[in-house]
Amino acid sequence: MSKAVIRWYSTIRIKIVAVVIVSCSLVLGALSVYNTINEQSALTAELDTLAQVTSKRLSRHLLGPLWDLDNNLVNSALEAEMLEDKIEAIVVWDEGGKQVFSARERGPGGRLIESNGAISGDYFSARSEVSNGDKAIGEVSVFVSKRELDNQLKQSILAQVITLVALIIVMALVMTMVMNQIIIGPITRLAKHADDISHGDLKQSIVAESNDEIGQLAEAFHRMQTSLRVAFKRIYAKAKTT
């Protein structure tokens, strides 16, 4: 009777490794999603705070230039604030917020260009009033790009995916080596002993290599082998007397 061929994907090793890897992947994947959500919330708060703080700071700095209607000083202040590359555009409105006094936005390549104040797109924005205490003389709007948020999230997700894949590979290698040592190897040797016994070889030595379930299985094989020896001796002795 020929031995059954066990395909590689049907081995105990592959089944155990697959179960552990899938389980760990689900846990680590859920943890990665949780970390990504937290990171997104933190980055969103950081960029929103940048827009708020910048608009309030500009509202104080622009009080004098707006009062004097000094367009050059206003433009200088806007360009100085936009040294922070996360800021996409700044618009300064006149009294009542109906007309644009001055505006700057980023053009191709991040270059600063004049703007008509019609800023469209998905931005974090903040608007502050420029006031001398009793009277509002203008408003300033700051727009912060979400590109930084998207780029950092992409980098974070990529790093987490690479880490997850690396952990899975290391885990698979370590588990394969450990299982070969403590499970697959002893079971394979016991299977060889059982096959030899099935062919009548009862002289081999079956030794329990560990004090666990596989060791108990080896001891059971040893007892079976001993019982078969005794049974064959009795049969042989009875056959000689008849």
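That block above? That's the structure.
Residues numbered from 1 in each chain as written. Predicted model: local features only at pLDDT ≥ 70, side-chain atom pairs only at ≥ 80, totals over all residues. Heavy atoms only, no water.

Student: Any chance you could break down the overall build of the chain for me, citing the residues and the numbers?
Tutor: When you go through the chain residue by residue, the secondary structure sums to five helices and five strands. Starting at the N terminus and ending at the C terminus, the chain contains elements arranged as α-α-α-β-β-β-β-β-α-α. In terms of overall size, the chain is more extended than a compact globule, its C-alpha atoms giving a radius of gyration of 38 Å where 242 residues would be expected to give roughly 18 Å. Of the roughly 15,900 Å² that the chain leaves accessible, carbon and sulfur atoms contribute 60%. (Helix = DSSP H or I, 4+ residues; strand = E, 2+ residues; numbered from the N terminus. Rg over C-alpha atoms; globule rule 2.2 N^0.38 Å. Areas by Shrake-Rupley, 256 points an atom, 1.4 Å probe, with all protein chains shown as cover.)

Student: A description of the environment of L202 should follow, citing residues and the corresponding values.
Tutor: As for its position among the elements, L202 is in the loop between helix 4 (147-198) and helix 5 (213-241). Remark: the alpha-carbon pair of L202 and A191, spanning 11 residues in sequence, is separated by 14 Å.

Student: Mind laying out the pairing of strand 1 (residues 87-93), listing which residues take part and the relevant values?
Tutor: Across the seven residues of strand 1, seven count as buried, placing the element largely inside the fold. One ladder, built from six bridges, connects strand 1 with strand 5 (residues 136-145); its direction is antiparallel. In the sheet register, I90 faces strand 5, and the bridge partner there is V142. Pairing analysis gives five bridges linking strand 1 to strand 2 (residues 100-106), with the strands arranged antiparallel. Bridging across to strand 2, A89 finds its partner in E105. Hairpin geometry of strand 1 and strand 2 is characterised by an intervening segment of six residues between the two adjacent antiparallel strands and by a positive phi of about 95° at G96. (Buried < 20%, exposed > 50% of the residue type's maximum accessible area, 1.4 Å probe, protein only. Pairing = 2+ DSSP bridges.)

Student: Can you tell me about helix 3 (residues 71-81), naming the residues and giving the values?
Tutor: Among the residues making up helix 3, those that are buried are V74, N75, A77, L78 and E81. Down the axis of helix 3, the sector holding all buried residues measures 160°, keeping them to one side. Looking at the packing, one finds that the buried side of helix 3 touches helix 1 (12-61), helix 2 (63-67), strand 1 and strand 2. (Arc of directions from axis to C-beta. Contact = heavy atoms within 4.5 Å.)

Student: Report on the pattern of salt bridges, specifying residues and quantitative values.
Tutor: Following the criterion strictly, the structure yields eight salt bridges and no others. Between K86 and E84 there is a salt bridge, with the nearest N and O atoms lying 3.9 Å from each other. Accessibility expressed as a relative area gives 19% for K86, which makes it buried. Overall, E84 belongs to the partly exposed group, its relative accessible area being 28%. K135 serves as the salt-bridge partner of E95, at 3.8 Å between the closest nitrogen and oxygen. Here the residue E95 occupies a position in the loop between strand 1 and strand 2, and K135 occupies one in the loop between strand 4 (123-131) and strand 5, the gap between them amounting to 40 residues. You can call E95 partly exposed: its relative accessible area is 49%. Taking the relative accessible area as the measure of exposure, K135 reaches 43% and is therefore partly exposed. (Salt bridge = Lys/Arg side-chain N within 4 Å of Asp/Glu carboxyl O.)

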